[in-house]
Amino acid sequence: MAAYLCPPAVIHGEHTVKTSQIVEEVRDRHPHAAWAPRIDGIAASTGIEARGWMLPLESAVAPGDGRGRWPAGTGPAREALARDGFAERDVDRVIAALESIPAPQTVQERTAPAWAAVQSYGERAARGALQIAGLDPADVDCLITSNSTTPALPGLDVALADKLPLRSDVLLLPATQWACIAGTRSLALAADLVAADPDRVVLVVISEALSTTYQPGDDTLESLIVRLLFADTAVAAVVTGRPRPESVLRLDAAWNHTLPGTQDLHRLETRADGTHFVMDRRGPRAVQETVTAMWEWLRLRYQDDPDSWHPDVLLAHPGGTRVLEYMEQTMPDGWPSGLLDHSRESYTSGNRGGAAVFDIMRRAHDAGQAPGSRAVLYAAAPGLTATALEGEWL
């Protein structure tokens, strides 16, 4: 397989949103929700005190510009009120009151500024990754992009091809629906591309505005958890088929796994007021099944050396602390502790979706890894599907 990865560029959301701000906003909006008395404990259990968003919290909770918008005008409403015996003065008062009610943001109002931010952050991450690798946009042969929360056509791939700009013959591979698995699966695809042509230069860019799933009107417990978890991040990295002076990690093998019948466990739904992330409480258990399958893949891969081999760092984005705990509990006996330290550190400032593994990798790189250290990268995503890679620090 032998693909070589340069250090990733990571651009965090520049607007700090504290958990206390979210708790205050949700408590004021839904004071009678069934979970309202427990909101402080629920927020504390995430272990996240603040996260970075591409846009401020105010942009997510602001009303839309739809006050007084009547699809067929106010005429039908006036006629209906008059037929029911309302005097003209009372009709005027009712219509005025209805027009003053704040309308929720539409999909366009919510998504358009986020899409602009995704493109801007993605460009910054791409330029940063190329600078780290000592390359120019003209050196790129293939661009892999992912952004699941701001769907657009043309997508992030075409936008970056224009903004950087890239050569006209660059292969563009957008992967809008990879979501949380974008970090690992994009690297697996890049490794396949450079295996076919070792002279290829592949640029991977993932830019996610997960804050677009913050839906003020929802009063479910799952919606509260979504509000508390997500962060916005753009990441990028260069993958080559031959080692470069800037290369820090060699990818040696990839593994993919999909659980049948799990497509409804976690999903995005587009409604009138925007994108909603729907969570199912069965999700963590299903993710744990992919972890078990990954351990088996590693066991078979190193079955000739089971007692002495272990990863020196595990870069894992399972989406929550419960699965991190499960990974630690099910690791083979004798593996050292602390393999997930960088994963835990990343999670304390929010769930970054597809950008998470690159952020975790950057933290591991900055902390220093000895040449020859073995690394395992893992992520699971709605589907329910997972991808892992195994490699060595250079």
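- Taking an unreviewed UniProt entry as the reference, the protein is identified by name as Type III polyketide synthase belonging to Streptomyces levis.

**Brief notes about the overall build of the protein**
For step 1, the next point in the chain: For the protein, the helix and strand inventory stands at 13 helices and 14 strands.
For step 2, the next point in the chain: For 394 residues, the compact-globule estimate of 2.2 N^0.38 gives 21 Å, and the protein sits close to it at 24 Å.
For step 3, the next point in the chain: The C-alpha extent of the protein, read off along each of the three principal axes, is 85 × 50 × 35 Å.
For step 4, the next point in the chain: The buried share of the protein, reckoned over its 394 residues, is 54%.
For step 5, the next point in the chain: Here the analysis covers contacts within the protein between residues at least 6 apart in sequence; of these, 81% occur between residues at least 24 apart.

**Details of the side chain of arginine 352**
For step 1, the next point in the chain: Among the structural elements, arginine 352 can be located in the loop between α12 (341-347) and α13 (356-367).
For step 2, the next point in the chain: The class of arginine 352 is buried, set by a relative accessible area of 4%.
For step 3, the next point in the chain: Among the polar contacts listed, one links the side chain of arginine 352 to the backbone oxygen of serine 346, at a separation of 2.8 Å.
For step 4, the next point in the chain: A distance of 3.4 Å separates a polar side-chain atom of arginine 352 from the backbone oxygen of glycine 350.
For step 5, the next point in the chain: Look past the residues within four positions of arginine 352 in its chain and what remains in contact with it is His12, Leu210, Ala231, Thr233, Ser346, Asp359 and Arg363.

**What to know about the UniProt feature "domain: Chalcone/stilbene synthase N-terminal" (unreviewed entry) in the protein**
For step 1, the next point in the chain: When the UniProt feature table is mapped onto this chain, "domain: Chalcone/stilbene synthase N-terminal" (unreviewed entry) is found at residues 105-242.
For step 2, the next point in the chain: End C-alpha to end C-alpha, residues 105-242 measures 49 Å, and it is 43% helix and 20% strand.

**Focus on the environment of threonine 19**
For step 1, the next point in the chain: Relative to the helices and strands, threonine 19 resides in helix α1 (residues 19-29).
For step 2, the next point in the chain: For threonine 19 and alanine 44, which are 25 residues apart along the polypeptide, the C-alpha to C-alpha distance reads 8.6 Å.
For step 3, the next point in the chain: In this view, threonine 19 contacts Ala43, Ile48, Glu49, Ala50, Arg51 and Leu228; residues no more than four positions away in its chain are not counted.
For step 4, the next point in the chain: Of the polar contacts made by the side chain of threonine 19, one reaches the side chain of arginine 51; its length is 3.0 Å.

Conventions and cut-offs
Residues numbered from 1 in each chain as written. Predicted model: local features only at pLDDT ≥ 70, side-chain atom pairs only at ≥ 80, totals over all residues. Heavy atoms only, no water. Helix = DSSP H or I, 4+ residues; strand = E, 2+ residues; numbered from the N terminus. Rg over C-alpha atoms; globule rule 2.2 N^0.38 Å. Buried < 20%, exposed > 50% of the residue type's maximum accessible area, 1.4 Å probe, protein only. Contact = heavy atoms within 4.5 Å. Polar contact = N/O pair within 3.5 Å; in protein donor to acceptor, adjacent residues only side chain to side chain. UniProt positions renumbered as here; feature names shortened; annotations may be inferred.

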